[in-house]
Amino acid sequence: MARGLGKGLDALISGGIDVEQEGQMTEVSPRECRPNPYQPRKAFDAEAIDELKQSIAEHGIIQPLVVRKSIKGYEIVVGERRFRAAKAAGLKQIPVIIKEMTDEEMMEVALLENLQREDLTPIEEAFAYSNLMNQLNLTQEDLSRRLGKSRSHIANIVRLLSLPETVVTSINEGELSMGHGRALLGLKTKENIELLAKKVMQDRLNVRQVEKLIAQLNEQPQKKVEKPKKDIFLTEQETMLRERFGTAVHIQRGKRKGKIEIEFYNDQDLERILEFLEK
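A brief look at the structure comes next. Just so it is clear, the model here is predicted, and its values are computed rather than measured. (Residues numbered from 1 in each chain as written. Predicted model: local features only at pLDDT ≥ 70, side-chain atom pairs only at ≥ 80, totals over all residues. Heavy atoms only, no water.)

Turning our eyes to something else, we now look at the packing of aromatic side chains. Tallied over the full model, the rule gives zero aromatic pairs. Over the ring of tyrosine 74 we find lysine 69; its NZ or CZ atom is 4.6 Å from the centre of that ring. (Phe/Tyr/Trp six-rings, centres within 6.5 Å; stacked < 30°, edge-to-face > 60°. Lys NZ or Arg CZ within 6 Å of the ring centre and 35° of its normal.)

This is how it looks when you write it as structure tokens:
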């Protein structure tokens, strides 16, 4: 087992993947299989798949896939890379172990397998944690115990999803690291995160440099936006009309045209004002 994950994956697939268990392994057509709908990994390296295809073409599939029976064939629980490579190699039959699993178990096993292989991007990992917590109604503490990951690690990863979408995409595509993302979350003026992220990529700043830059930006006094002072003439006219109509009046002057707003509180108040205007 990979470090930090305890025996969670073994427990979920009932004692682990034991190809020697009598009656567990069989062969099926790749056409009968389809990817795990809860697969957290969204991108597969084409070069790595091609290398695996060459190996499978020469030696076959050494470790069987784990699948569960579905209405139309089988859903892959573990082994989507092997499945893709086997299809590319033109295999007519692939070895599988059929397991009974709930949707929740499939979701958790898929995440655990990818975490063990360290195949996920920080964003894929964040979405997987978020989906697990939402689907299974788990807290970060619950997820920490089930996956063998620290609660702080889960919290830090999931927080990346609160970054602007363009920044999330840059992290997912490897243009920014998880460390960059965590540093950007510390910027007080959130509306400037995207601009700063672009600067980080353009200037190829490392995480330490970004943290230092953000500390400087956060120390700068925030400029207060002062409301423009109203024209004295308009203020006097508002006061005059307010006294005449007996209600609040607002006058605004634009570049090309202005407007006068007269407030009323009920139908009777509106009728009173209209009658006054007709005089």
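Read on for the rest.
For the rest of this paragraph, the subject is unusual backbone geometry. Within the chain, arginine 204 stands out as a residue other than glycine whose phi angle is a positive 55°. Structurally, arginine 204 is set in the loop between helix 10 (193-203) and helix 11 (207-219). Judged by its relative accessible area of 75%, arginine 204 falls in the exposed class. (Helix = DSSP H or I, 4+ residues; strand = E, 2+ residues; numbered from the N terminus. Buried < 20%, exposed > 50% of the residue type's maximum accessible area, 1.4 Å probe, protein only.)

Right, let's get into helix 11. For the α-helix, the turn length of 3.6 residues means that residues three or four positions removed from each other point alike. Over its 13 residues, helix 11 runs 18 Å from end to end, which matches the ideal 18 Å to within 8%, given 1.5 Å per residue. Tucked into the core, helix 11 has its buried residues touching helix 9 (178-184) and helix 10. A side-chain oxygen of the first residue of helix 11 lies 3.2 Å from the backbone nitrogen of arginine 208; this N-cap is asparagine 206. (Expected span 1.5 Å × (residues − 1). Contact = heavy atoms within 4.5 Å. Polar contact = N/O pair within 3.5 Å; in protein donor to acceptor, adjacent residues only side chain to side chain.)

Paired through their backbone hydrogen bonds, the strands of a sheet run either parallel or antiparallel. As summarised here, the arrangement of the five strands in space is 1-5-3-4-2, forming an open sheet in which the pairing is mixed. Looking at strand neighbours, the two that pair on one side only are strand 1 (25-28) and strand 2 (33-34), the edges of this open sheet. Relative to strand 5 (residues 94-98), strand 3 (residues 65-70) is paired through three bridges, and the arrangement is parallel. From the neighbouring strand, valine 67 faces strand 5, where its bridge partner is isoleucine 98. Helix 3 (residues 80-89) rests against strand 2, strand 3, strand 4 (73-78) and strand 5 of the sheet, and its axis sits at about 125° to strand 4. (Pairing = 2+ DSSP bridges. Axes fitted to C-alpha atoms, helices over the stretch in contact; angles between N-to-C directions.)

Our focus in this paragraph is the side chain of asparagine 156. When you line up the elements, asparagine 156 lands in helix 7 (residues 151-159). On the basis of relative accessibility, which here comes to 18%, the residue asparagine 156 falls in the buried class. With residues up to four places along the chain from it excluded, the contact list for asparagine 156 reads Met178 and Arg182.

Judged by how many residues are buried, strand 5 sits mostly within the fold: four of five residues are covered. The pairing of strand 1 with strand 5 spans four bridges and is antiparallel. Residue pairing across strands places glutamate 27 opposite proline 95, the latter belonging to strand 5.

Before going further, it helps to spend a moment on the pattern of salt bridges. With the rule as written, the count across this model stands at seven salt bridges. Salt-bridge contacts for lysine 199 lead to aspartate 203; the nearest nitrogen and oxygen are separated by 2.8 Å. Within this pair, lysine 199 and its partner aspartate 203 are both found in helix 10, separated by four residues, close to a single helical turn. Looking at lysine 199, the relative accessible area reads 37%, which means it is partly exposed. Members of the salt-bridge network, linked through shared partners, are Arg34, Arg68 and Glu75. (Salt bridge = Lys/Arg side-chain N within 4 Å of Asp/Glu carboxyl O.)

Interpretation in functional terms is not warranted from these geometric data alone.
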